[in-house]
Amino acid sequence: MARSAPAILLDAATRSKLNGWVQAASTPQALALRSRIILEAAAGRTNQQIASNLEIPEVTVGKWRRSFAMQELEGLHDAPRSGRPPKHDAEMWRKVQTLACQQPKSQGRWTVRTLAREVGLPHSTVQAILNASELQLHRIRTFTFSPDPEFEAKLLDIVGLYLNPPENALVLCVDEKPGIQALDRTQPLLPLRAKQPQSWTNEYVRHGTQTLLAALEIATGQVVAHIRNRRTSVNFLHFMNEVVRAYPSASYTW
């Protein structure tokens, strides 16, 4: 007969501590996961439900519930291991993790070597700490926010149209790219020959800027495009008429 999981009751201070571990970027991933287990258990969920929610084995949930029931917060930490003690304590790990998540004062971003010089550690040690913390200094992801209050509804309409177009519908994505520089080399390209690489001159002449108007057919990838010297409403209307002529049998909803 399976043993029931120990009941979990949290006071305000313990709950606050667990939530802090879950939310802090410097918390080791293992400790954050164990904190989530206890918080889910305190919400009345069974081991099976917690294992499903966190995508971990049920035996892992049971282990840390029992450990917390016996030792409370101390039970969520790894027991000391035999062998050589760690060279750098938790405070140094937190310092590296905290600095890695902050903007340096005199450069665009940290590198492993500049961060190592800042904390006074070998770069190999800093790299090991970053790898264990799953922090990647070289990766950058950009984002933007739209001020349009109806942006979410419009986004869902467009994405829904792409993913689930009406039956027998023609779905086109129309956009424009103005200000394309039209450049040309002053000398022709010299092709690859024996013992000589392909080469071309770095000098170029400008032919002004061009505007690209294009319609992409979502289902097939076919593109209808116009290139114009100027970005005007007249040129855009001419382009839309060309799109209609390219698909004479379609009915259009703009």
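Residues numbered from 1 in each chain as written. Predicted model: local features only at pLDDT ≥ 70, side-chain atom pairs only at ≥ 80, totals over all residues. Heavy atoms only, no water.

## Digging into helix 1 (residues 12–23)
The first and last C-alpha atoms of helix 1 sit 16 Å apart over 12 residues, in line with the 16 Å expected at 1.5 Å per residue. Buried residues of helix 1: Thr14, Leu18 and Trp21, and no others. Seen from one end, helix 1 has its buried residues packed into an arc of 60°, which puts them on one side. Away from its buried face, by an angle of more than 90 degrees, helix 1 presents the exposed residues Ala12, Ala13 and Gln23. Of the surrounding secondary structure, the elements contacted by the buried residues of helix 1 are helix 2 (29–42) and helix 4 (58–71). Where helix 1 begins, the capping side chain belongs to Asp11, and its oxygen is found 3.3 Å from the backbone nitrogen of Ala13. (Helix = DSSP H or I, 4+ residues; strand = E, 2+ residues; numbered from the N terminus. Expected span 1.5 Å × (residues − 1). Buried < 20%, exposed > 50% of the residue type's maximum accessible area, 1.4 Å probe, protein only. Arc of directions from axis to C-beta. Contact = heavy atoms within 4.5 Å. Polar contact = N/O pair within 3.5 Å; in protein donor to acceptor, adjacent residues only side chain to side chain.)

## Description of the packing of aromatic side chains
This structure, assessed with the given rule, holds one aromatic pair. Each ring, one from Phe236 and one from Phe239, has its centre 6.2 Å from the other, and the planes form 50°; the classification is tilted. Linking Phe236 with Phe239, this pair stays in helix 9 (residues 233–246), spanning three residues, or about one helical turn. A residue is classified by how much of its surface remains accessible, and Phe239, at 0% relative accessible area, is buried. (Phe/Tyr/Trp six-rings, centres within 6.5 Å; stacked < 30°, edge-to-face > 60°.)

## Concerning the pattern of salt bridges
Applying the stated rule across the entire model yields five salt bridges. Ionic pairing is found between Lys154 and Asp148, a salt bridge with its closest N-O pair at 2.6 Å. Residue classification places Lys154 among the partly exposed residues on the basis of a relative accessible area of 42%. (Salt bridge = Lys/Arg side-chain N within 4 Å of Asp/Glu carboxyl O.)

## Comments concerning helix 6 (residues 112–119)
Owing to its 3.6 residues per turn, the α-helix brings residues three or four apart onto one side. Residues Val112, Thr114, Leu115, Ala116 and Val119 constitute the buried set of helix 6. In this fold, the buried residues of helix 6 make contact with helix 5 (90–100) and helix 7 (123–133). Immediately downstream of helix 6, the backbone of Gly120 shows phi near 75°, a positive value.

## Observations regarding the pairing of strand 2 (residues 204–217)
Here 11 bridges tie strand 1 (residues 172–185) to strand 2, and the two strands are oriented antiparallel to one another. In the sheet register, Lys177 faces strand 2, and the bridge partner there is Leu212. Pairing geometry for strand 2 and strand 3 (residues 223–228), over six bridges, is antiparallel. By the bridge assignment for strand 3, Ala215 is matched with Val224. In textbook terms, the turn of a hairpin is the stretch between consecutive antiparallel strands, and for strand 2 and strand 3 this stretch comprises five residues, one of which, Gly221, has a positive phi near 85°. (Pairing = 2+ DSSP bridges.)

## A look at the nonpolar core
Considering soluble globular proteins, one finds that nonpolar side chains tend to be buried as a cluster. Leu10, Leu18, Ile37, Ile38 and Leu76 are the most contacted members of the largest nonpolar core, which has 17 residues in total. Contributions of two or more residues to this core are made by helix 1, helix 2, helix 3 (47–54) and helix 4. Among the elements that make up this core, the one with the highest residue count is helix 2 (five residues). In this structure, Leu18 is in contact with Leu10, Ser35, Ile38, Leu39, Leu73 and Leu76, ignoring residues within four places of it in sequence. Residues Met92, Leu115, Val119 and Val126 belong to the second largest nonpolar core, which totals 14 residues. (Core = buried A, V, L, I, M, F, W, Y, C linked by side-chain atoms within 4.5 Å.)

What is shown is where atoms sit, not what they do.
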